[in-house]
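# Analysis of the macromolecular model
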Amino acid sequence: MQLRGDVATILGSALVLLAVGAVTVALGARPIAPRLNHGRGAHYAHSGSYRIVAWKRVDELPQPLAVFESVFWEPADTDSLRRLIAASKQVREKHVLEIGTGSGLVSLCCLQAGAARVVATDINSAAVANAAYNARRFGWAQRLELRTVSPERPAAYSVLREGEQFDLIVSNPPWEDAVPRSNAEYALYDPGFELLRSMLAELRTRLRPGGRAWLAYGCRSAIVMIHQLADEHGLHVTTLDSRPLSDLPEVFLPGMLLEVEPKPAWNR
Ligand SMILES: C[S@@+](CC[C@H](N)C(=O)[O-])C[C@H]1O[C@@H](n2cnc3c(N)ncnc32)[C@H](O)[C@@H]1O
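Structural notes, computed from the coordinates.

Reading the values: rules and limits
- Residues numbered from 1 in each chain as written.
- Predicted model: local features only at pLDDT ≥ 70, side-chain atom pairs only at ≥ 80, totals over all residues.
- Helix = DSSP H or I, 4+ residues; strand = E, 2+ residues; numbered from the N terminus.
- Buried ≥ 20, exposed ≤ 12 C-beta atoms within 10 Å, placed from the backbone.
- Core = buried A, V, L, I, M, F, W, Y, C linked by C-beta atoms within 7 Å.
- Contact = placed C-beta atoms within 7 Å.
- Near = placed C-beta within 6 Å.
- Axes fitted to C-alpha atoms, helices over the stretch in contact; angles between N-to-C directions.
- Parallel < 35°, antiparallel > 145°, perpendicular 65-115°, else oblique.
- Left-handed = near helix turned anticlockwise from the far one by under 90°.
- Nonpolar A, V, L, I, M, F, W, Y, C, P; charged D, E, K, R; others polar.
- Arc of directions from axis to C-beta.
- Pairing = 2+ DSSP bridges.

### Here's the deal with the overall build of the protein
- For the protein, the count of helices and strands is seven helices and 11 strands.
- The proportion of buried residues among the 268 residues of the protein is 40%.

The structure is reproduced here in structure tokens:
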């Protein structure tokens, strides 16, 4: 397993140490009064309940985020994406789609930056529950709509309605081409880069006029593929990062931020 996987593995070990003090929440329970988990096992089998394994802060958000068991946490993936969201006029009052929301970190940054509404998806149902829980704690649940992606239909826009479009699409998706073997590994591996392919193939039709996508990737092969696919699909890619890709290892942190926009008709 490479860099991002190592980060997850280290985090996983730390979480086992935290297990006794971990907190579980039942979906629908009031977020301000989570039930204490006095159990000792690392697994919590009660359906519809999730274990909070950590509370994490980032500069862009006013309070800590809960992170549920099996849900991804590595904010270095999205340092530059979060800074851009906080600074850009592309978010305020806009309709945003986030593909692969995890704890809800990036969606909540969009809401903090004034997005009118965010639709966020994830294939890991614990992540969907986690993002919903954090949105409720922040008081932003009305502006965040969460949708669970089925592993049988994992394409980027499979849970969107026909004709549904956004001003901005953001994603810090799985970066590496490998097969996930657990819910947690969905955060790391995109087999055959199928999620990436589906994201770019339909991007033009999912963006409103003037819309764009901001993608965080820390994998050279994936970024090379983004450039190839962008050509095929009439998209323009701007790298919002000063590091030359050729100087970086195959998998690296912090993630690189790419802006992807439809090319104007005269330039396709
Ligand atoms: C690297 S994590 C990023 C999570 C969060 N956006 C963040 O930056 O902390 C990628 C997320 O994408 C989700 N994911 C993987 N494949 C997906 C798919 N086909 N559709 C939607 N979400 C997916 C994973 O479950 C994981 O939560």
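### Description of the nonpolar core
- Of all hydrophobic cores here, the largest spans 71 residues; its most connected members are Val96, Cys110, Ile169 and Tyr217.
- In this view, isoleucine 169 contacts Leu97, Ile99, Leu203, Arg206, Leu207 and Ala213; residues no more than four positions away in its chain are not counted.

### Considering the site of the ligand
- In the neighbourhood of the ligand, 23 residues make up the surrounding shell, with Gly100, Gly102, Pro154, Asn172 and Tyr186 lying closest.
- Those elements that place two or more of their residues in the shell around the ligand are helix H3 (105-112) and strand E6 (117-122).

### Observations concerning the packing of helix H2 (residues 79-87) against H3
- Contact geometry of H2 with H3 gives a least axis separation of 8 Å together with a crossing angle of 20°. When the interaxial angle is binned, H2 and H3 end up roughly parallel. Considering only the axes of H2 and H3, their crossing is right-handed. Contacts from Leu81, Arg82, Ile85 and Ala86 in H2 reach Val106, Cys109 and Cys110 in H3.
- Looking at the contact of H2 with H3 residue by residue, the classes come out as six nonpolar, no polar and one charged.

### Considering H2
- Those residues of H2 not exposed but buried are Leu81, Arg82, Leu84 and Ile85. In an axial view of H2, the angular spread of the buried residues amounts to 160°, which keeps them on one side of the axis.
- In this fold, the buried residues of H2 make contact with H3, strand E8 (166-171), strand E9 (207-219) and strand E11 (251-262).

### A short note on the sheet that holds strand E10 (residues 235-239)
- Ordered by their spatial adjacency, seven strands build an open sheet running E7-E6-E5-E8-E9-E11-E10, and the pairing between neighbours is mixed. Each having just a single partner strand, strand E7 (144-148) and E10 make up the two edges of the open sheet. Recorded for the sheet is a direction-independent mean angle of 20° between the axes of neighbouring strands.
- Here four bridges tie strand E5 (residues 95-99) to E8, and the two strands are oriented parallel to one another. Considered in E8, the bridge of glutamate 98 is made with valine 170.

### Some details on the pairing of E9
- Of all 13 residues that make up E9, 10 are buried, and the element is covered over most of its length.
- Bridge count between E8 and E9: five bridges; the pairing is parallel. Paired with isoleucine 169 across the bridge in E9 is alanine 213.
- Direction of pairing for E9 relative to E11: antiparallel, over a ladder of six bridges.

### Some thoughts on the environment of histidine 233
- Tracing the backbone through its elements, the reader meets histidine 233 in the loop between helix H7 (220-232) and E10.
- Residue histidine 233 is classed as partly exposed on the basis of its C-beta count, with 17 C-beta atoms lying within 10 Å.
- Separated by 35 residues in sequence, histidine 233 and arginine 268 place their C-alpha atoms 8.8 Å apart.
- For histidine 233, the residues in contact, after removing those within four places along its chain, are Leu200, Ala201, Leu203 and Arg204.

### Overview of unusual backbone geometry
- Across the junction of leucine 253 and proline 254, the peptide omega takes the value -10°, indicating a cis bond.
- We note that serine 70 has phi near 80°; this positive angle belongs to a residue other than glycine.
- Looking at where serine 70 falls in the secondary structure, it is placed in the loop between strand E4 (65-68) and H2.
- Judged by the 21 C-beta atoms lying within 10 Å of it, serine 70 is buried.
- Phi at phenylalanine 193 is positive, roughly 55°, even though this residue is not glycine.

### Observations regarding the pairing of E4
- The side-chain alternation of E4 yields two buried faces, one formed by Leu65 and Val67 and the other by Ala66 and Phe68.
- Of the strand pairs in this sheet, strand E3 (residues 49-56) and E4 are connected by four bridges, and their pairing is antiparallel. Bridged to lysine 56 within E4 is leucine 65.

### Points about the environment of tyrosine 133
- Within the secondary structure layout, tyrosine 133 lies in helix H4 (residues 125-138).
- The sequence separation of tyrosine 133 and leucine 65 amounts to 68 residues, and the corresponding C-alpha distance is 9.2 Å.

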